[in-house]
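Fold and contact review
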Amino acid sequence: MRLDKYLCEAGLGTRTQVKKLLKSGVVAVNGRTVFRPEQKLSETDRVEVSGKEISVSEFEYWMLNKPDGYVSATEDRTFPTVLELLPEGARGDLFPVGRLDRDTEGLLLLTNDGKLAHFLLSPRRHVDKVYYARIRGEITEAHVKAFEEGLDIGDEKRTLPAVLEILPKSREKDAGASEWESRESEDCTPEAEPEIRVTLREGRYHQVKRMFEAVGCRVMYLKRLSMGSLRLDETLAPGEARPLTEEEVKALKEETGC
Ligand code: URA
């Protein structure tokens, strides 16, 4: 790997910032000051910045607040991909863990840890995914029951039981409403679009939209709030990303047994 790329991946800044760092003469490889960004490193080379050894961790984990309009893929011919939203210093081998539809917003995990991704997506592990949605059509207790029983959405098997919660209408919310509920409804919810939260234990293609279609309704807006223990950081504006904290990574690994 090139030295400048290595320094970027170690979190020392963008390519431009790293070039400046090299110019200032604080970077040493195996005890010798190096100025050339293109210098190649081998596995055993020891890199120091201002006398402190630095290393690149094997895995990176990023939380993205996915905005509308981006595809959850590493490349696409027509639309921008979620990878384009990561900062310049992020590793080049990251991929999204599962897919959100192009028009779905919210929590998306990006990593290069294939094992963790596999465990999080495995249909046998039933990692909970929580979504907020606005729906066209009336939602009643009958829908709650139907979701609980599992639905025929045209696949071989019915869906696993899902928890559907009808959120109180914005103006009826009491002071004790959770942060999620009150934040989501800050934007003017059209009167005719009930707000719901749904918890799925699986992740089939277009699953939330297909479940609502199966009961005669339509999803008008969809946002993922959490996946397992990982909860969307609401301080991230749509399109913003941040690395997961050590605690967040630890909790995900613990719950998947990775
Ligand atoms: N279900 C959907 O219908 N779309 C998504 O993006 C995620 C879950």
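Residues numbered from 1 in each chain as written. Predicted model: local features only at pLDDT ≥ 70, side-chain atom pairs only at ≥ 80, totals over all residues. Heavy atoms only, no water.

By the definition in use, this model includes two aromatic pairs. Judged by centre distance (6.1 Å) and plane angle (65°), the ring pair of Tyr132 and Tyr221 falls under edge-to-face. Placement of Tyr132 in strand S8 (residues 129–136) and of Tyr221 in strand S11 (residues 218–227) is noted, with a sequence separation of 89 residues between them. Assigned by exposure class, Tyr132 and Tyr221 land together as buried. When the ring of Phe147 is compared with that of Phe212, the centres are 4.9 Å apart and the planes differ by 50°; the resulting orientation is tilted. With Phe147 in helix H4 (residues 141–149) and Phe212 in helix H6 (residues 207–214), this pair connects stretches of sequence that are 65 residues apart. Of the two residues, Phe147 and Phe212, both sit in the buried class. (Phe/Tyr/Trp six-rings, centres within 6.5 Å; stacked < 30°, edge-to-face > 60°. Helix = DSSP H or I, 4+ residues; strand = E, 2+ residues; numbered from the N terminus. Buried < 20%, exposed > 50% of the residue type's maximum accessible area, 1.4 Å probe, protein only.)

By the assigned domains, the protein chain splits into domain 1 (3–54) and domain 2 (61–243). Counting from both sides, the interface comprises five residues of domain 1 and, opposite them, four residues of domain 2. Taking both partners together, domain 1 and domain 2 bury about 350 Å²; carbon and sulfur atoms supply 48% of that area. Summed over the shared surface of domain 1 and domain 2, the number is zero salt bridges. Our count for the contact surface shared by domain 1 and domain 2 stands at one residue pair in polar contact (both at pLDDT 80 or more). Along the lines of polarity and charge, the residues of the side of domain 1 that touches domain 2 split into one nonpolar, two polar and two charged. (Domains from an automatic or database assignment. Contact = heavy atoms within 4.5 Å. Buried area = accessible area lost by both parts, 1.4 Å probe. Salt bridge = Lys/Arg side-chain N within 4 Å of Asp/Glu carboxyl O. Polar contact = N/O pair within 3.5 Å; in protein donor to acceptor, adjacent residues only side chain to side chain. Nonpolar A, V, L, I, M, F, W, Y, C, P; charged D, E, K, R; others polar.)

This part is about the sheet that holds strand S1 (residues 27–29). Spatially, S2-S1-S3-S4 is the arrangement adopted by the four strands of the open sheet, whose pairing is antiparallel. Of all strands in the sheet, those with a lone pairing partner are strand S2 (32–33) and strand S4 (52–53), marking the two edges. (Pairing = 2+ DSSP bridges.)

For the rest of this paragraph, the subject is the pairing of S8. S8 sits mainly inside the fold: seven of its eight residues count as buried. Sheet topology note: the S8/strand S10 (residues 195–200) ladder contains six bridges and is antiparallel. Bridging across to S10, Lys129 finds its partner in Leu200. With eight bridges joining them, S8 and S11 adopt antiparallel strand pairing. Bridge pairing in S11 places Tyr132 opposite Lys223.

A word on the pairing of S10. Burial analysis of S10 places six of its six residues in the buried class, which makes it a mostly covered element. Residues Glu195, Arg197 and Thr199 point to one face of S10 and Ile196, Val198 and Leu200 to the other, with burial holding for every one of them. As defined by bridge partners, strand S9 (residues 163–166) adjoins S10 across four bridges and the pair is classed as antiparallel. Paired with Val163 across the bridge in S10 is Thr199.

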